[in-house]
Every structure is written in C-alpha cells, then in structure tokens.
Protein chains: 2
Amino acid sequence: MVPKTHPRYKSLLNREKVVEAFDKGILAKAGLTAHGRGESFDYLIGEKTTTEALHSIKVASAVLLLAENPVISINGNTIALSKHDIVELSEELNGKIEVNLFYRTKEREENIKKAFEEDKEIYNKIKNKKIKLLGLDPATTNKQIKNLDSLRGKVSEEGIYSADVVLVPLEDGDRTEALVNMGKTVICIDLNPLSRTARKSTITIVDELTRCIPLLTKYVKEYKQKDKKELENIVKNYDNNQNLKSILNYISNRLKNMEI
Amino acid sequence: MVPKTHPRYKSLLNREKVVEAFDKGILAKAGLTAHGRGESFDYLIGEKTTTEALHSIKVASAVLLLAENPVISINGNTIALSKHDIVELSEELNGKIEVNLFYRTKEREENIKKAFEEDKEIYNKIKNKKIKLLGLDPATTNKQIKNLDSLRGKVSEEGIYSADVVLVPLEDGDRTEALVNMGKTVICIDLNPLSRTARKSTITIVDELTRCIPLLTKYVKEYKQKDKKELENIVKNYDNNQNLKSILNYISNRLKNMEI
C-alpha cells in the first residue's frame with residue numbers, strides 16, 4: 001500500500017492498479033511496460049493536466065456530443081485504470097463501450113467481462129441497457145478493420161465499425177492509423193506526444209487517463225447546454241499539430257529550467 | 001520475434017528479453033514497468049549514446065580502474081538485458097558481481113543463480129574463480145546497509161559492504177543514496193536524468209544498458225595502458241551536475257526541433 005502522503009501517491013496508486021489488473025488476467029505483460037512508458041511522459045509534463053491538454057479535452061467533448069455514433073474503445077490498461085470513469089462518460093453519450101485488445105485471448109475476454117460484471121452497479125447498467133459492452137461476443141464482433149491483422153482488427157458492426165467518432169485511450173499507432181483511414185474521427189489519449197498514435201489521431205489529448213476521463217465527462221455534461229452551432233465553434237479552429245508542438249515546447253522548457 | 005528490419009529493432013528485442021526474464025522468474029512485475037519508463041527516456045535521447053554519456057562512461061572506466069575494490073551490483077533487469085556483458089566487464093576488473101534485489105525472494109534468487117549457471121561458459125568462470133557471484137548465499141549476504149529496510153539492505157561483506165566503488169545499473173534512489181552516505185563512489189546507469197538515482201550518484205551515465213556496458217568494458221580495457229596519474233586526470237574535472245544539465249539541454253533542444 002502506498003501511503004497517501006507520498007509525493008507521487010497518485011502515480012504509485014495507478015501503478016498498483018495496473019499490476020492488480022495484470023494479476024487478474026485483464027492486462028498483458030506488454031501493458032505493464034506500456035504503463036511504465038506513460039509514467040515517464042507524465043513525469044515530464046509535471047503529472048498535471050496542461051493547458052494544451054485541457055484545450056483538446058474541450059474540443060474532444062464537443063466532438064463527442066456532435067457525433068452520430070460515438071464509441072469508446074477500451075483495452076486492458078484502460079480497464080485497469082478507469083473502468084468506472086469510462087462507464088460514467090459513456091452514459092453521458094450513447095453508452096457504447098467496445099473492448100478491443102492487442103493481445104486477444106478467450107481468457108482475457110472472460111476476465112474483462114468479469115471485471116465489469118462483478119461490479120453490481122455496472123452489471124445493472126449493462127442489464128438495463130444504460131451501457132453496452134461490445135467487442136466480447138464473437139458472434140457480433142465479426143467485422144474486420146482493413147490493413148490490420150485479424151485479431152486486432154476484429155470489431156463489432158454496432159460499435160467501432162459503424163462509429164463516426166472513436167475515443168481510443170492508450171491505443172497503438174497501427175490501429176489508430178487504420179481507424180483514421182476508415183474515415184473516422186479518432187480522439188486519442190496518449191501521454192507520448194511523439195507517438196504515432198498522437199501524430200495520426202484527429203484529436204490528441206496528451207494527458208494521464210485518470211485525470212483526463214473525468215474532465216471529458218465534466219465538459220460533455222457542461223456542453224450539453226450548448227447548441228450545435230456553439231459546439232461547432234469550439235471544434236472549428238482546433239489544430240492538432242499545433243497543440244502537439246505546443247506540448248513539446250512546454251516539456252522542452254520545463255527540462256531546461258529544472259533544478260538538478 | 002521482431003524482424004531485424006524494424007526501425008526500432010533493438011528496443012523491441014530488449015523488451016522481449018525483459019519479458020522472457022519475467023517469465024523465468026528473474027524479474028519482478030515492477031521490473032516490467034521500470035523497463036517501460038526507460039524506453040521512454042531512451043526514445044527522448046534518440047536511442048543512441050550521447051556525447052555526455054560517453055564522457056561519463058570514460059570517467060567511470062577510469063574510476064573503476066582506480067578502485068581498490070569495485071563491485072558491480074545487479075538486479076533482475078540488468079540480468080535480463082546484459083548478463084554476458086556484465087560478466088565480461090567484471091572480468092576486466094576484480095570479477096565481483098553482487099546480486100541485489102528490490103523484491104528479494106528465495107525463488108528469484110534461485111532463478112537468478114540458474115540463469116548464470118545454465119550458461120556453461122559463465123558456470124566455468126564462476127568455478128575457476130574468474131568471476132564471483134555474490135549476494136545469493138544468505139550466510140555471507142549478512143551485512144546491513146544503514147537506513148534501508150532489511151531485505152533491500154542486505155549485502156555481502158566481501159562485495160558491496162566493503163566496496164569503495166559500486167557500479168549500479170538501474171538502481172533505485174533510496175539505495176543509491178544509502179550507498180553514497182556510506183562514503184562509496186557510486187556509478188549509476190540510468191536513462192532518466194531527473195531520477196533521484198541520477199541526481200544522487202557520484203557519476204551518472206544516462207544511457208541504455210546494452211549500449212553502455214560494452215562501452216565501459218572497451219574503455220576499461222583501453223585505459224589499462226594508462227598510469228594512475230593519467231587516470232586521475234580523466235576523473236579530475238568531471239562535474240556530474242553539469243553533465244546532467246547538459247543532457248537535459250540536449251533532450252530539450254531535440255524536442256523543440258522535432259517534426260510532428
């Protein structure tokens with residue numbers, strides 16, 4: 001147990017969550033190294049939501065509200081860190097969550113299903129169709145994303161395949177690119193501003209997942225008061241490349257001014 | 001298997017090695033996230049040995065040759081990535097390698113012993129006393145480093161406890177600080193120039209392990225031609241803080257000039 005007084009309490013708590021999910025068979029080994037990579041980048045941005053990230057969160061919130069059929073794509077790390085927050089966000093949208101694993105095995109699928117259903121509140125939400133957990137039933141997860149090998153490319157018709165906007169927390173570059181090539185608006189959450197995912201996405205949020213998802217939910221709720229025109233205005237002048245450059249500058253300046 | 005043509009072949013190969021060591025019970029789960037953190041920082045320095053790192057490698061080589069009783073401290077990640085290179089380096093010194101684990105269990109100790117002894121060449125070197133694998137026998141690993149909890153602080157009299165110079169690849173901040181407080185010269189290899197280990201060590205090499213150890217061996221071999229005075233001249237004006245600042249500047253400039 002990490003003591004709450006530890007200066008990096010939240011970061012260490014998240015690490016524990018990821019290890020716990022690994023022990024439960026929700027996360028692959030690659031998920032542990034990926035989490036470590038994220039930790040480094042979070043450290044570089046100061047372990048807080050930057051102005052730039054807040055900007056892309058606001059734009060992403062507007063885009064999610066403007067979407068016809070938004071879907072939240074989740075993997076092991078996302079479930080480990082933000083299961084409840086993802087459910088809450090999806091409820092503010094159309095309730096669609098789709099499990100999409102890089103290393104898909106029957107066992108992991110079952111462990112993930114269990115992780116959601118063992119939570120009584122989430123179980124009831126699934127039962128009452130407030131949220132829909134897609135991507136786990138092979139009978140409906142049978143559409144293929146072009147240019148991706150079969151397991152990683154399998155998605156559901158109702159979810160990612162037909163989605164106009166896909167939120168992909170912690171996604172890899174290949175899949176992001178394939179989704180963009182299908183004409184979808186891709187919102188990613190990625191702490192590495194230089195990753196292929198970050199560069200290829202329509203909107204890149206360079207922020208840590210457990211800080212970011214609640215902020216997305218907050219702005220989605222808030223922006224429901226706005227009409228279509230107002231939402232479009234929020235999105236209109238967003239320049240993802242400019243945002244990424246600005247983050248690189250921010251990190252760059254931080255490094256230059258750090259005390260050794 | 002990673003194809004050799006992959007632009008990040010070496011990095012992916014190292015990741016595979018770490019996962020393999022994890023599967024063999026040599027590495028703890030924390031070792032997988034730690035490896036991921038290293039990957040990010042290596043990416044930021046461009047996955048090559050910087051001028052600054054080469055400078056500290058040269059100074060470290062001279063320091064190791066000037067030492068009365070140098071010891072190479074190793075953990076799971078070091079064994080996973082650089083078992084053979086570490087043996088080779090230690091042979092150029094006094095042959096002393098000491099296993100020091102953050103999460104020490106009997107099982108891991110045995111797996112590590114096996115990892116060394118299953119290699120016939122290394123086994124013979126141990127048998128012929130060309131190298132000495134310390135830190136695994138509880139009967140001789142019974143000295144306590146001050147201000148560290150018991151398991152992590154247990155070291156051997158012959159090795160780390162009496163060493164004047166300790167090379168610690170991939171070490172944590174607490175242990176580094178405790179060793180420095182014991183009056184030892186600590187050479188660390190750490191990809192994060194901002195870590196406590198990097199800041200607290202006498203000489204910090206900000207480089208990736210599998211690039212760094214062979215370079216240390218190379219310079220140790222080369223510097224054997226030099227006399228004491230010449231070696232002392234190499235060490236004399238080294239400023240670790242300045243070296244770290246210079247690396248931060250290097251990363252900072254790289255980030256500023258990167259194409260998105």
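Residues numbered from 1 in each chain as written. Chains lettered and ligands numbered in written order. Predicted model: local features only at pLDDT ≥ 70, side-chain atom pairs only at ≥ 80, totals over all residues. Heavy atoms only, no water.

A. View of the overall build of chain A. Scanning chain A from terminus to terminus reveals 13 helices and 8 strands. Over its C-alpha trace chain A gives a radius of gyration of 18 Å, about what one expects of a compact globule, namely 18 Å for 260 residues. C-alpha extents for chain A along the principal axes are approximately 55 × 50 × 35 Å. In chain A, buried positions account for 56% of the 260 residues. Of the contacts formed within chain A by residues at least 6 apart in sequence, a portion of 66% connects residues at least 24 apart. Summing over all exposed atoms, chain A offers an accessible surface of approximately 11600 Å²; the carbon and sulfur share of this is 49%. (Helix = DSSP H or I, 4+ residues; strand = E, 2+ residues; numbered from the N terminus. Rg over C-alpha atoms; globule rule 2.2 N^0.38 Å. Buried < 20%, exposed > 50% of the residue type's maximum accessible area, 1.4 Å probe, protein only. Contact = heavy atoms within 4.5 Å. Areas by Shrake-Rupley, 256 points an atom, 1.4 Å probe, with all protein chains shown as cover.)

B. Summary view of the relation of the copies chain A and chain B. For the pair chain A and chain B, the relating rotation is 180 degrees, the translation along its axis is 0.0 Å, and the fit reaches an RMSD of 0.0 Å. When the rotation and shift are considered jointly, the pair of chain copies conforms to a two-fold rotation axis. By residue overlap, the copies meet face to face through one surface: 100% of the interface positions of chain A are interface positions in chain B. (Least-squares fit on C-alpha atoms with pLDDT ≥ 70 in both.)

C. Geometry of helix H8 (residues 173-181) of chain B. Residues and elements named next belong to chain B. Of the positions making up H8, those classed as buried are Gly173, Arg175, Thr176, Ala178 and Leu179. At the N-terminal boundary of H8, the capping side chain belongs to Asp172, with an oxygen 3.2 Å from the backbone nitrogen of Asp174. Trailing H8 by a residue or two, Gly183 shows a phi angle of about 90 degrees, which is positive. (Polar contact = N/O pair within 3.5 Å; in protein donor to acceptor, adjacent residues only side chain to side chain.)

D. Structural view of the pattern of salt bridges. Scanning the entire structure with this criterion turns up 42 salt bridges over all chains. A salt bridge links Asp42(A) to Arg211(A), with the shortest nitrogen-to-oxygen separation between them at 2.7 Å. Note that Asp42(A) is positioned in helix H2 (residues 29-44) and Arg211(A) in helix H11 (residues 209-223), a separation of 169 residues in sequence. The class for Asp42(A) is buried, based on a relative accessible area of 8%. Taking relative accessible area as the criterion, Arg211(A) reaches 16% and is therefore assigned buried. A salt bridge links Glu39(B) to Arg15(B), with the nearest nitrogen and oxygen atoms 2.7 Å apart. In this pair, Glu39(B) is assigned in helix H2 (residues 29-44) and Arg15(B) in helix H1 (residues 9-23), connecting sequence segments 24 residues apart. (Salt bridge = Lys/Arg side-chain N within 4 Å of Asp/Glu carboxyl O.)

E. Representation of the UniProt feature "binding site: ATP" (unreviewed entry) in chain A within the structure. As recorded in UniProt, the sites labelled "binding site: ATP" (unreviewed entry) are Arg15(A), Arg37(A), Asp190(A), Leu191(A), Asn192(A), Arg196(A) and Thr197(A). Spanning 183 residues, the named residues do not form one spatial group; their C-alpha atoms are separated by as much as 23.9 Å. Relative to the helices and strands, Arg37(A) is located in helix H2. Owing to a relative accessible area of 24%, Arg37(A) belongs among the partly exposed residues under this scheme. Excluding residues within four positions of it along the chain, Arg37(A) makes contact with Arg15(B), Gly36(B), Arg37(B), Glu39(B) and Ser40(B). Locating Asn192(A) in the fold gives a position in the loop between strand S7 (185-189) and helix H10 (196-200). (UniProt positions renumbered as here; feature names shortened; annotations may be inferred.)

F. Structural view of unusual backbone geometry. Even without glycine at this site, Lys129(A) takes up a positive phi of about 60 degrees. Counting through the fold element by element, Lys129(A) comes out in the loop between helix H6 (120-127) and strand S3 (132-134). Note on Lys129(A): relative accessible area 71%, which makes it exposed. Its identity is not glycine, yet Glu47(B) carries a phi of approximately 50 degrees, on the positive side. By secondary structure assignment, the location of Glu47(B) is in the loop between H2 and helix H3 (51-66). The partly exposed category is assigned to Glu47(B), whose relative accessible area is 25%.

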